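# A closer look at the structure
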Amino acid sequence: QVTLAELGGGSAQPGGSLRLSCVASGDTRRCTWDMSWWRQVPGKERELVAAMDDGGNIAYANSVKGRFTISQDSAKNTLYLDMNSLQREDTAMYYCKSNCLGRTYWGQGTQVTVSS
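Reading the values: rules and limits
Residues numbered from 1 in each chain as written. Predicted model: local features only at pLDDT ≥ 70, side-chain atom pairs only at ≥ 80, totals over all residues. Heavy atoms only, no water. Helix = DSSP H or I, 4+ residues; strand = E, 2+ residues; numbered from the N terminus. Buried < 20%, exposed > 50% of the residue type's maximum accessible area, 1.4 Å probe, protein only. Contact = heavy atoms within 4.5 Å. 1 Å grid on protein atoms, 1.4 Å probe; cavity = no way out; pocket = protein on both sides within 12 Å on 5 of 7 lines; lining within 4 Å. Points joined across faces, edges and corners; volume = space filled by probe spheres on them. Nonpolar A, V, L, I, M, F, W, Y, C, P; charged D, E, K, R; others polar.

## Quick word on unusual backbone geometry
Here Asn77, not a glycine, exhibits a phi torsion of approximately 55°, which is positive. Checked against the element boundaries, Asn77 lands in the loop between strand E7 (68-73) and strand E8 (78-83). Asn77 gets classed as partly exposed once you look at its relative accessible area, which sits at 26%. The phi torsion at Ser85 lies on the positive side, around 50°, for a residue other than glycine. Note on placement: Ser85 falls in the loop between E8 and strand E9 (92-100). A residue is classified by how much of its surface remains accessible, and Ser85, at 40% relative accessible area, is partly exposed.

## Quick notes on the environment of Val112
Structurally, the position occupied by Val112 is in strand E11 (residues 110-114). Residue class for Val112 comes out buried when judged on its relative accessible area of 0%. Every residue in contact with Val112, bar those within four places of it in the chain, is listed here: Gly9, Gly10, Leu18, Leu20, Met83, Asp90, Thr91, Ala92 and Tyr94.

## Looking at the layout of surface pockets
The computed volume of the largest pocket comes to approximately 160 Å³. Forming the walls of the largest pocket are Arg39, Gln40, Val41, Lys44, Glu45, Glu47, Glu89, Thr91 and Ala92. Partitioning the lining of the largest pocket into residue classes produces 2 nonpolar, 2 polar and 5 charged.

Structure below.
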């Protein structure tokens, strides 16, 4: 019984910044830090944005390299996505994902809208 909750979405202007948080709650004892951020635009498939694993390996989509940073705070059971230099193309619903004992958990999503 694991729940992921994304927080921090909202509106920003091009060039602005937002920090997204993914807070894990419930029985997370079998969860690891093999977690990732995804985003989805209506009518398109969900896209992997950034991922990390227990070994500290991090990978980013080419479209966000140099602008987004994924990190975690184990004490708070929280995964972060720091988004800088936001572009209109970053507008999407952002989701966090975790695998716990082979089961996939998704957050409810948080909307990010970048416009001027």
